[in-house]
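A closer look at the structure
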Amino acid sequence: MKHAYIPRTTTYNLNPAEELNDLRMSDEVRPLYEHVKKFIRETVDPMSVEFMRLGEGKKDRWSFTPEQLAVLQKAKDKAKEEGLWNFFLPDAETGEGLKNLDYAYIAVELAKNPLASETMNCSAPDTGNMEVLERVGTKEQKEKWLKPLLAGEIRSAYAMTEPNVASSDAKNISTTAKLVGDEWVINGEKYYISGAGDPRCKIMIVMVKTNPDAPPSKQQSQILVPIDTPGVEILGPMHVFGHDHAPRGHMHLRFNNCRVPKENILLGEGRGFEISQVRLGPGRIHHCMRTIGKAEKALDLMVSRGLTREAFGKKIAHLGGNLQIIAQARCEIEAMRLMVLKAAKAMDVLGNKEARIWVSMVKAMVPERTCKIIDQAIQMHGATGISQWSPLGEMYQDVRHLRFADGPDEVHWMVVGRHELSMP
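Starting afresh in each chain, residues are numbered from 1 along the sequence in its written order. Local features are withheld for residues below a pLDDT of 70 in this predicted model, meaning they are given only at 70 or higher, and side-chain atom pairs are given and counted only at 80 or more; totals for whole chains, interfaces and linings count all residues. As a rule here, side-chain values come from all non-hydrogen atoms in the structure, and water together with hydrogens is ignored.

Observations regarding the pattern of salt bridges
Side chains carrying opposite charge are able to pair once their charged atoms draw close together. Here a salt bridge means any side-chain nitrogen of Lys or Arg lying within 4 Å of a carboxyl oxygen belonging to Asp or Glu. Scanning the model with the defined rule gives 30 salt bridges in all. Between arginine 403 and glutamate 368 there is a salt bridge, with the nearest N and O atoms lying 3.8 Å from each other. With arginine 403 in helix 10 (residues 392–405) and glutamate 368 in helix 9 (residues 356–381), this residue pair connects regions lying 35 residues apart in the sequence. Exposure is judged per residue with a 1.4 Å probe applied to protein chains only, and the accessible area is read against the type maximum: over 50% gives exposed, under 20% gives buried, and values in between give partly exposed. Relative accessible area serves as the criterion here: at 18%, arginine 403 is assigned to the buried category. Via salt bridges that share partners, Glu118, Asp126, Arg155, Asp198, Arg200 and Arg248 belong to a single interconnected network. Every helix listed is a DSSP run of H or I at least four residues long, and every strand listed is a run of E at least two residues long, numbered separately from the N terminus.

Observations regarding the environment of proline 114
Residue placement: proline 114 occurs in the loop between helix 3 (100–110) and helix 4 (116–119). The exposure class assigned to proline 114 is exposed, which follows from its relative accessible area of 77%. Sequence spacing of proline 114 and tyrosine 5 is 109 residues, and the spatial spacing of their C-alpha atoms is 52 Å.

Quick look at the domain arrangement of the protein
For every domain, the bounds stem from an assignment made automatically or drawn from a database. Here the protein is partitioned into domain 1 (21–151), domain 2 (155–266) and domain 3 (273–422). Computed over C-alpha atoms only, the centres of domain 1 and domain 3 are separated by 21 Å. Summed over the shared surface of domain 1 and domain 3, the number is zero salt bridges. The definition of a polar contact used here is a pair of N or O atoms within 3.5 Å, where within protein one atom must be able to donate a hydrogen and the other to accept one, and adjacent residues in sequence count solely through side-chain atom pairs. Our enumeration of links across domain 1 and domain 3 arrives at four residue pairs in polar contact (both at pLDDT 80 or more). For the side of domain 1 that touches domain 3, the secondary-structure elements that each account for two or more residues are helix 3 and helix 5 (126–136). Looking at the side of domain 1 that touches domain 3, its residues break down into 14 nonpolar, six polar and five charged. Each residue is assigned to one of three groups, with Ala, Val, Leu, Ile, Met, Phe, Trp, Tyr, Cys and Pro labelled nonpolar, Asp, Glu, Lys and Arg labelled charged, and all others, Gly among them, labelled polar.

Section: the packing of helix 9 against helix 11 (residues 409–422)
Interaxial angles span 0 to 180 degrees and are taken between N-to-C directions of axes, which are lines fitted to C-alpha atoms, for helices over the stretch in contact. Packing of helix 9 against helix 11 leaves a shortest axis separation of 8 Å and a crossing angle of 140°. Between helix 9 and helix 11, the interaxial angle falls into the category oblique. Read as a crossing pair, helix 9 and helix 11 show a hand that is left-handed. For the pair helix 9 and helix 11, the contacting residues are Arg356, Ile357, Ser360, Met361, Lys363, Ala364, Met365 and Glu368 in the first and Asp409, His412, Trp413, Val415, Val416 and His419 in the second. Tallied by class, residues from the contact of helix 9 with helix 11 come to seven nonpolar, three polar and four charged. With respect to orientation, any angle under 35 degrees is reported as roughly parallel, any angle over 145 as roughly antiparallel, any angle of 65 to 115 as roughly perpendicular, and every other angle as oblique. In this scheme the crossing of two helices becomes right-handed for a clockwise turn of the near helix relative to the far one and left-handed for an anticlockwise turn of less than a right angle. Contacts are assigned to residue pairs with any non-hydrogen atoms lying within 4.5 Å of each other.

Concerning the packing of aromatic side chains
Side-chain rings of Phe, Tyr and Trp, where Trp is taken by its six-membered ring, are said to pair if the distance between their centres is within 6.5 Å; with planes under 30 degrees apart they count as stacked, over 60 as edge-to-face, and otherwise as tilted. Tallied over the full model, the rule gives four aromatic pairs. A centroid spacing of 6.5 Å and a plane angle of 75° characterise the contact between tyrosine 33 and tyrosine 105, whose relative ring orientation is edge-to-face. Taken together, the residues span a long stretch of sequence, with tyrosine 33 in helix 1 (residues 30–54) and tyrosine 105 in helix 3 at a distance of 72 residues. For tyrosine 33, a relative accessible area of 16% gives the class buried. A residue is classified by how much of its surface remains accessible, and tyrosine 105, at 22% relative accessible area, is partly exposed.

Written out as structure tokens, the structure reads:
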């Protein structure tokens with residue numbers, strides 16, 4: 001006898017009256033949003049051209065010229081003066097006090113220029129590190145490291161990924177920290193540590209194993225390690241598709257009996273996973289927000305190229321399936337945008353922990369689909385699309401590496417799938 005099909009009842013909020021489904025930017029933030037767009041157009045865009053010009057021909061690729069730093073600092077000072085600073089922190093004392101949903105709209109605009117986020121002190125990995133320090137740092141840790149980070153005076157790095165284990169499962173982290181007297185002694189190897197090559201990088205948050213005998217979720221801790229600490233060895237840059245991304249880089253590090261004071265531990269021994277939850281919700285969705293901006297930029301370049309070049313008697317945009325490719329890219333961008341806004345709103349309404357499923361959805365979906373859009377834009381540009389004459393090649397590298405940087409796609413799909421299977 002066949003059993004009648006009984007539809008499952010999902011736990012997603014589909015009620016149009018639910019607060020979770022109101023994705024409008026708040027009225028009070030709209031003037032700020034318009035201000036950010038104007039500032040990027042009138043200050044950041046021309047500064048970026050000058051910044052790149054002033055860096056041409058420098059002898060040391062792992063540095064910025066004094067002239068580059070001067071024009072960047074001038075733009076940063078102007079951003080501060082105009083109140084365009086530290087948007088990412090949802091705390092009015094240290095940031096702009098924005099909701100995640102409001103910041104989502106602004107982050108899309110920041111992504112359209114590579115220097116916009118830094119100009120307004122909203123760059124990764126500093127954003128995640130500042131949020132961790134603001135939430136769990138001691139008074140002394142905040143004074144020494146959070147204060148200069150909030151002021152945009154230094155840069156930072158987050159050291160978790162390791163070359164010899166599957167770091168997507170943080171329980172596998174093998175870099176050790178042992179308490180010897182009043183110091184943590186750190187030994188191990190990390191790689192793809194973004195920003196550690198930047199000469200302005202002064203501090204790292206390092207994920208370590210402090211107690212291998214504790215329960216799996218209590219073995220890890222996070223410790224503040226100044227990058228100039230004896231025993232921190234920068235072995236060199238890891239390449240992304242053959243590029244080292246100097247002068248910021250993604251560095252290969254080794255910790256050789258590196259000693260830091262015991263008070264450099266964050267929150268307490270064995271609380272590394274707990275700290276990760278502080279940074280991984282907002283940090284991951286910030287990447288997704290910015291990635292939407294990159295997708296918009298790629299589509300804009302695709303359309304511009306398609307309408308200004310001809311082949312076989314037609315505009316490129318009208319050749320083959322290009323018109324449909326352009327249309328589908330627009331549909332994909334709008335779908336991604338709504339998903340990211342929904343995830344941001346979920347964080348505001350439900351909290352970071354309860355919104356994890358929404359964050360995993362966008363973290364898996366957005367970089368994957370944006371990679372496809374950028375790849376299609378490259379194809380429509382012909383050989384120029386992979387050359388130094390176009391930003392598309394670098395954009396593709398950046399978005400493609402996101403599919404590892406914040407956890408591989410497979411982990412996020414697993415989180416979503418498990419949630420789906422557990423629904424009533």
